Amino acid sequence: MLQPFSAARRLEQVRYDIRGPLHARAGELEAEGHHITRLHIGNPALFGFEAPAHLRAAISARLPEAEAYCHQQGLAVAREAVAKVQADRGVIGAHPDQVYIGNGVSELIDLSLRAMIEPGDEVLVPAPDYPLWSAAVLLNGGRPVYYPCPPERDGLPDPEQLEALIGPRTRALVLINPNNPTGAVYPKELLQRLVQLAERFGLVIFSDEIYEGLTFDDAVFHPVAPLVRDTLCVTLSGLSKVHRACGYRAGWLAISGLLRPAREFLNGLNLLAALRLCSNVPAQWAVVAALQGPDTHTELVREGGRLQQSRAAVLEAVSSSSYLQCAPPQGAIYAFPGVDPLRYPEFDDQRFAMQLLEDKHILVVPGSSFNVPYRNHFRITLLPDAQVMHRALADIDSVLQQQLAPAKADAAA
Ligand SMILES: Cc1ncc(COP(=O)(O)O)c(C=O)c1O
């Protein structure tokens, strides 16, 4: 008879709170008939966004041709489309042979780290991070070493602080730009300094650019690959956010920079890609359409655009709140507000998120889920329209009032 058994030990350190216990509780409340405002996840279709029509049309038109496994790296046309984007950005040697199409960036993060990490290798990961990066490092036997990107520096890293974390086991530097959860967009000078560090210490750069092009106000997104000469650069992006088609599960990975010393790693990556046979083929036709077709995202982030208005609603609510503070997100689709830890040392992000869910049926992600040592933040997505954001932020403020006002009165007494 089957005896009770535990999950693999290596899962013990792995968390993904975006779909953790709060998310499970939200599901129970929904089953009881409550409507939950799901601010916890960047899932565009939940908030009325649709994939651009030319992506859908490409899949429909090519469906009959999408029934066989394709090359392990992806359809040649899709890889050519990615390589052209890279070449147009000035990436030297951009080539379809150096492109992999995957079932979302998620799969490619795991594949590429699995092909590289030896037990005990260290990977520099931003804190806060998108927690899949930490999970994939840990699951592959590595150790995430966090470089701080704190709210007081608008979510930007300090290259000197980062350099001090580099040791003999450090293998790679992960960048998430534009950043989830902070919305930071890395200035070119900062990227240049980080590239210099990676080149000097022989670190592979992994740049997760899934929010490329989603920038607000005057922020400009700079891809890192064109800046890299003397080390290996792995750029990741996909259809999920900019093209609002996360259900298609399509992403890509493009390798550039110094390839020769990485030959064995590249063979390993190819082997892992072959072991999973190939990426979802119908969605690869949408990759071609997305990269060759019209821009459908800039209108969302410019003045008056849907995401820009939601962002404005959040920032307005933050500025009129007695509790909240938030560095204005420069890009991506999230805000990462918090409360002043000195004024409200008793604030606990998990307790706050749970009360918000129980009392107001709003689901957010506690900041500590993003591998930071502080517990005074939470993440919300900017995807709902401005009206929903206004209402949600008013509810958030009233829960903060309940949790923090009595303590403040006590402190004053
Ligand atoms: C920074 C970042 N990287 C990767 C992913 C995963 O993307 P995909 O849907 O392509 O697997 C996400 C999803 O939210 C993300 O925020």
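Residues numbered from 1 in each chain as written. Predicted model: local features only at pLDDT ≥ 70, side-chain atom pairs only at ≥ 80, totals over all residues. Heavy atoms only, no water.

Take the overall build of the protein next. Looking only at helices and strands, the protein has 13 helices and 14 strands in total. The C-alpha atoms of the protein give 22 Å as radius of gyration, which agrees with the globular expectation for 413 residues (22 Å, within 12%). Judged by the C-alpha coordinates and their principal axes, the protein covers about 70 × 65 × 50 Å. Counting the 413 residues in the protein, one finds 55% classified as buried. Considering only contacts in the protein between residues 6 or more positions apart, those separated by 24 or more positions represent 73%. Element-wise, carbon and sulfur atoms account for 52% of the exposed surface of the protein, whose accessible area totals about 18,000 Å². Charge-centre separation for the protein: the mean point of 36 positive side chains lies 3 Å from the mean point of 45 negative side chains. (Helix = DSSP H or I, 4+ residues; strand = E, 2+ residues; numbered from the N terminus. Rg over C-alpha atoms; globule rule 2.2 N^0.38 Å. Buried < 20%, exposed > 50% of the residue type's maximum accessible area, 1.4 Å probe, protein only. Contact = heavy atoms within 4.5 Å. Areas by Shrake-Rupley, 256 points an atom, 1.4 Å probe, with all protein chains shown as cover. Lys, Arg positive; Asp, Glu negative; His and termini not counted. Charge placed at Lys NZ, Arg CZ, Asp CG, Glu CD.)

A few words now on the sheet that holds strand E14 (residues 378–381). If you walk across this open sheet you meet the three strands as E10-E14-E13, and the pairing is antiparallel. The open sheet has two edge strands, strand E10 (334–335) and strand E13 (365–366), and neither has a second partner. (Pairing = 2+ DSSP bridges.)

By volume, the largest pocket amounts to about 430 Å³. As for the largest pocket, its lining consists of 22 residues, of which Tyr 16, Ser 106, Tyr 130, Lys 241 and Arg 249 are closest to the centre. A per-element tally of the lining of the largest pocket places helix H4 (residues 104–114) first, with three residues. In terms of residue class, the lining of the largest pocket is built from 12 nonpolar, five polar and five charged. Shared between two domains, the lining of the largest pocket takes at least three residues from each, and those domains are domain 1 (9–50 + 299–412) and domain 2 (53–292). (1 Å grid on protein atoms, 1.4 Å probe; cavity = no way out; pocket = protein on both sides within 12 Å on 5 of 7 lines; lining within 4 Å. Points joined across faces, edges and corners; volume = space filled by probe spheres on them. Nonpolar A, V, L, I, M, F, W, Y, C, P; charged D, E, K, R; others polar. Domains from an automatic or database assignment.)

The next point concerns the pairing of strand E4 (residues 143–148). Consecutive side chains of a regular strand alternate in pointing toward one face of the sheet and then the other. Note that strand E3 (residues 122–127) and E4 share six bridges and pair parallel. By the bridge assignment for E4, Ala 127 is matched with Pro 148. As for the winding sense of the linkage, the β-α-β connection from E3 through helix H5 (residues 131–139) to E4 is right-handed. (Right-handed = clockwise from strand over helix to strand, strands pointing away.)

Here we take up the sheet that holds strand E8 (residues 251–257). Sheet architecture is open: seven strands sit in the order E2-E8-E7-E6-E5-E3-E4, paired in mixed fashion. The outermost strands of the open sheet, each flanked by one partner alone, are strand E2 (99–102) and E4. The sheet shows a mean angle of 25° between the axes of neighbouring strands, taken without regard to direction. Sheet contacts for helix H7 (residues 188–201): strand E5 (170–176) and strand E6 (204–208); angle to E5, the most-contacted strand, approximately 165°. (Axes fitted to C-alpha atoms, helices over the stretch in contact; angles between N-to-C directions.)

As a further point, take unusual backbone geometry. Pro 178 follows Asn 177 through a cis peptide bond whose omega is -10°. Looking at the secondary structure, you find Pro 178 in the loop between E5 and H7. Of note, the phi angle at Asp 217 is positive, near 50°, even though the residue is not glycine. Tracing the backbone shows Asp 217 in the loop between E6 and strand E7 (232–238). For Asp 217, a relative accessible area of 51% corresponds to the exposed category. Of note, the phi angle at Leu 277 is positive, near 65°, even though the residue is not glycine. Secondary-structure assignment places Leu 277 in the loop between helix H8 (263–275) and helix H9 (281–292). Classification of Leu 277 as partly exposed rests on a relative accessible area of 41%.

Nothing here speaks to function; it is geometry throughout.
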